[in-house]
Structures are given as structure tokens and as C-alpha cells.
Amino acid sequence: MNSAVPTEEHRAQSLGRALRPSVKVLPEHARAHNRSLVLQQLFRFGPSSRADLARVTGLTRVTVSDLVSGLESEGLVEDLGPRPGTRVGKPATLVGLRKKAFHVIAIEVSDDVLVRGAVMDLAGTIHQRQDEELKGRRGNDAVEAIAQLCHELIARSDRKILGVGVGAPGVITPEGLILEAPKLRWHELPMADLLAKRLNLPVYVENDANAAALGEHTFSDADSTGMMLLRVGTGLGAGILIDDALLLGHRFAAGEIGHVIVMDDPSAGELCACGRRGCLETVFGIPALRRDTEGLGPAETETALAAAGERLGTALTPVVSALNLSQIRVSGPAQLLEGPLLDAALRTIRERTLASVSEHLEIRMATLGDDVVLMGAAALVLSGQLGVS
Ligand SMILES: [Zn+2]
């Protein structure tokens, strides 16, 4: 049997990937769930009193005090003293998440040339950066290069490491099994398990566009009820957050939109990396945009970019409509994408959908810029270890 077929266990794990814990759970999981509720509140909204935590989480004061004591002994939260500015009665003591007390290792493998790495704290501040060129290494050799980079980053951190997050190309299961990443010659590669054994740390591996979507939500203001993060590079991929969860799909390939054939006559199109012709990637990837605008004056460039934006808008229209997206965040070279191109894409989607679907739709560049995948890799660790996003 092909292990790529999703099992019930896979399915249960994907359901467990909801961004925000919000529903009642079985008693045996209650403590971990309640711990996440408290951590989520402190992560999102900053220091709170125990009474406020009880109120917003719906937990009892006793349960909250007990959880906070546990988190204090783990070193994750600390007492910050009385709430400033309280005038009447005994001021409540605030507790806060110690975002600078822990580090995570974030790894981005977005192409087959360079692996980017960073040491980050829980607030998303990058403290160290280090890259490693793959120099043609593929398969297990590429995994070895990533493990080595992780070791070097861990050595450069002066804090306890909470875990390692990896954003990588390809179709990846929630357990961090890379089903398929052809350019790196990874097939059925248990990346998370391999790295966890080597590093002796919790490791989370997710598709790079999916990681970027999580990063844009966790460390910026992206909506998690209907958001697509579109990564435009040599390839084209998307990570989608729907109803507070990462959309994975039947075989974990949700968001793989680059190889949809969009040309009316594909035989006239360029040969794509997937072996077919006329894919969206070949008419909308960065190489195509550069080719379409090469040597043009400013006005002609604007026209060419607007035409590309219309092609993108046409391709995204059914996706926006089917999923009722409210935000599309785009990551890639801003000089090509920002302005006429994204304006034309939005206009095209609005022209082709019901107003109720697209009147509030917003399309803009990702807030986190070039670090969106690294930030997403860190978000994987925060989500996996603390249940926060
Ligand atoms: Zn293709």
C-alpha cells in the first residue's frame, strides 16, 4: 500500500492542526488544551491577571492558578508584579509570557540552491542568521547539510531551544514526512524524524507556502478565517488558512496551484518543470514576468504587469469564490508584483465574482517580506510546542 494515502491517523492529526484551541476536549487531553488556551491568550494579548485569564478562557480561577504555576516552573511565564495604574483595592498581579527566554531554530529550504537559517525568540525577533549553500547536494546529503546548519545555529544560541521548524518545498504530511520534492530528490523522506533524532529536539516540517501562511498569521495581522499566502518565485505555491486552520487537503497538496494549465492552447506554451505545457507557473512565475517586461519602457512595463495581473486574477477567481477568502498576501519581488499587477488581479477577481464574495477582498504584499518562510518555520514550533498562533 502506498503510504502517501492519508490514514485515519493522518486525518486526526490534521484536525489537530487547528490554529486556535476553541472547543471542549476529552478529559485526558484537557490539561494540555487548557495550557494552550492560557498561553494563546498571553501570546496574543500580552500580560494578564489570573482573573482575566479565567474570564477569557472560561476556566476556573483554581485551574488557571494551577496552570500558571506549572508554566512558571517550566520557565515559560513569569509574575510581572501589580498591574500599573490600579487605584482601588488590591491590584491584580500580572503574568506574562517570557518571549525572550527561549529560542527556536527556523530553517527555510525554498529552493534547491540555498538553505536559510535563523535563531529566533518567541516574539519573532531574529537574533542570528546563517545560510548554507547546497552546492548540488540532494537526497540524504541535503538533509545532512540542513542538520549541520541546525547544529551550528544551536551552538550560536544562548537560550533553551524550544524546537526546530522547517519550511521546505513539496508535499508534506503533518508528521513531517516529505512525500515528494523532486528537485531535491526527496521521496517519502521522514525529514522531521531524521532531524529530531540528529538534534534531539522537537522538529516540525511543513510546506514552505503553508509555513509562510502560518507566519503571516502568527507574527503579523493576517486573518485566519479566509487567507491565502501566494508565493511567487521560480515556482508558484499557496498556503491557505480557512476557519482558523491550515488547509491541507486530501493528500496534503492543498494550495499547489502552479501546475494548473491555464493556456487555451497548452501546446503553444513553454515546457514546465512538471513536464507539461501551459501551466500557470510558466505564464506567471518570476522568470515569465521578467521575460515579459524585459527592455520595456515604464508605461509598457505597467501594461505588461497589468496583463499578468489579469491572468493571475482569472486563475484565482474560482479559488477566492469557492473558499470565500478575505485576504490574499503575496510574497515575492515587490518591484514586479506590487502596484499595477496586484491592482489588476483584484479588479479581475471583483469583475468575475459576486460582490458578496469579493467586495471585502484585499490583495497586498506579505507584511513579513523576505523572512516570511523563516517566520513561518518558527510559527510551526510555537504552534506545535505551545499551541499558540
Ligand atoms: Zn507545470
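Up top you'll find the structure we're talking about.
Residues numbered from 1 in each chain as written. Predicted model: local features only at pLDDT ≥ 70, side-chain atom pairs only at ≥ 80, totals over all residues. Heavy atoms only, no water.

### Overview of the overall build of the protein chain
Here is the rule we go by: Each helix is a run of H or I in the DSSP string that is no shorter than four residues. Each strand is a run of E no shorter than two, and both are numbered from the N terminus. Note that the radius of gyration is over C-alpha atoms, with the globule rule given as 2.2 Å times the number of residues to the power 0.38. Here, residues are in contact when the closest pair of their heavy atoms is within 4.5 Å. Charge counting follows a simple rule: Lys and Arg are positive, Asp and Glu are negative, and His as well as the terminal groups are ignored. Note that the charge is assigned to NZ on lysines, CZ on arginines, CG on aspartates and CD on glutamates.
Of the regular secondary structure elements, the protein chain holds 14 helices and 16 strands. For the protein chain, the C-alpha radius of gyration of 22 Å lies close to 21 Å, the compact-globule estimate for 389 residues. Reported as C-alpha extents along the three principal axes, the dimensions of the protein chain are approximately 75 × 50 × 45 Å. Across the protein chain, the fraction of contacts at a sequence separation of at least 24, relative to all contacts at a separation of at least 6, is 62%. When the 40 basic and 48 acidic side-chain charges of the protein chain are each reduced to a single mean position, those positions are 6 Å apart.

### Concerning the coordination of the zinc ion
We apply this condition: Here a donor is any nitrogen, oxygen or sulfur atom (N, O, S) within 2.8 Å of the metal, with 3.2 Å used for Na, K and Ca; water is not among the atoms considered, so some sites may look incomplete. In these descriptions, tetrahedral denotes four donors with every angle between 85 and 135 degrees, square planar four donors and octahedral six donors with opposite donors over 155 degrees apart and the rest between 65 and 115, and irregular any other case. Working definition: with a 1.4 Å probe on protein chains only, accessible area under 20% of the residue-type maximum means buried, over 50% means exposed, and in between means partly exposed.
On the protein side, the zinc ion has His259 (ND1), Cys272 (SG), Cys274 (SG) and Cys279 (SG) as donor atoms, found 2.0 to 2.3 Å from it. Of note is the zinc ion, whose four donor atoms meet at the metal with angles of 100 to 125° in an arrangement that counts as tetrahedral. Mapped onto the polypeptide sequence, the residues donating to the zinc ion form the spacing pattern H-x12-C-x1-C-x4-C. On the basis of relative accessibility, which here comes to 7%, the residue Cys272 falls in the buried class.

### A look at the packing of aromatic side chains
Cut-off, in case you're wondering: Two aromatic rings from Phe, Tyr or Trp, using only the six-membered ring of Trp, form a pair when their centres are within 6.5 Å; if the ring planes differ by under 30 degrees the pair is stacked, by over 60 it is edge-to-face, and anything between is tilted. Any Lys NZ or Arg CZ that is within 6 Å of a ring centre and within 35 degrees of that ring's normal is treated as a charge sitting over the ring.
Within this structure, the stated rule accounts for one aromatic pair. On the numbers, 6.4 Å between centres and 75° between planes, the contact of Phe43 with Phe219 is edge-to-face. One end of the pair, Phe43, is in helix H2 (residues 27–45); the other, Phe219, is in the loop between helix H7 (208–218) and strand E12 (226–232), and 176 residues separate them in sequence. For Phe219, a relative accessible area of 16% puts it in the buried group. Positioned above the aromatic ring of Phe43, the side-chain terminus of Lys99 is 4.6 Å from the ring centre.

### Examining the packing of H7 against helix H14 (residues 372–386)
Condition: To get an axis, a line is fitted to the C-alpha atoms, and for a helix only the part in contact is used. The angle between two axes follows their N-to-C directions and goes from 0 to 180 degrees. The labels follow the angle: roughly parallel below 35 degrees, roughly antiparallel above 145, roughly perpendicular from 65 to 115, and oblique for the rest. Three categories are distinguished: nonpolar for Ala, Val, Leu, Ile, Met, Phe, Trp, Tyr, Cys and Pro, charged for Asp, Glu, Lys and Arg, and polar for the others, with Gly belonging to the last.
Their axes nearest at 7 Å, the elements H7 and H14 cross at an angle of 80°. If you check the angle between H7 and H14, you find them roughly perpendicular. Contacts from Asp208, Ala211, Ala212, Leu214, Gly215, Glu216 and Thr218 of H7 reach H14 at Val372, Val373, Met375, Gly376, Ala377, Ala379, Leu380 and Leu382. Here the contact of H7 with H14 is built from residues that sort into 10 nonpolar, three polar and two charged.

### Observations concerning unusual backbone geometry
Its identity as a non-glycine residue notwithstanding, Glu188 has a phi of 50°, on the positive side. Here Asp244, not a glycine, exhibits a phi torsion of approximately 65°, which is positive. Topologically, Asp244 is positioned in the loop between strand E13 (236–242) and strand E14 (245–246).

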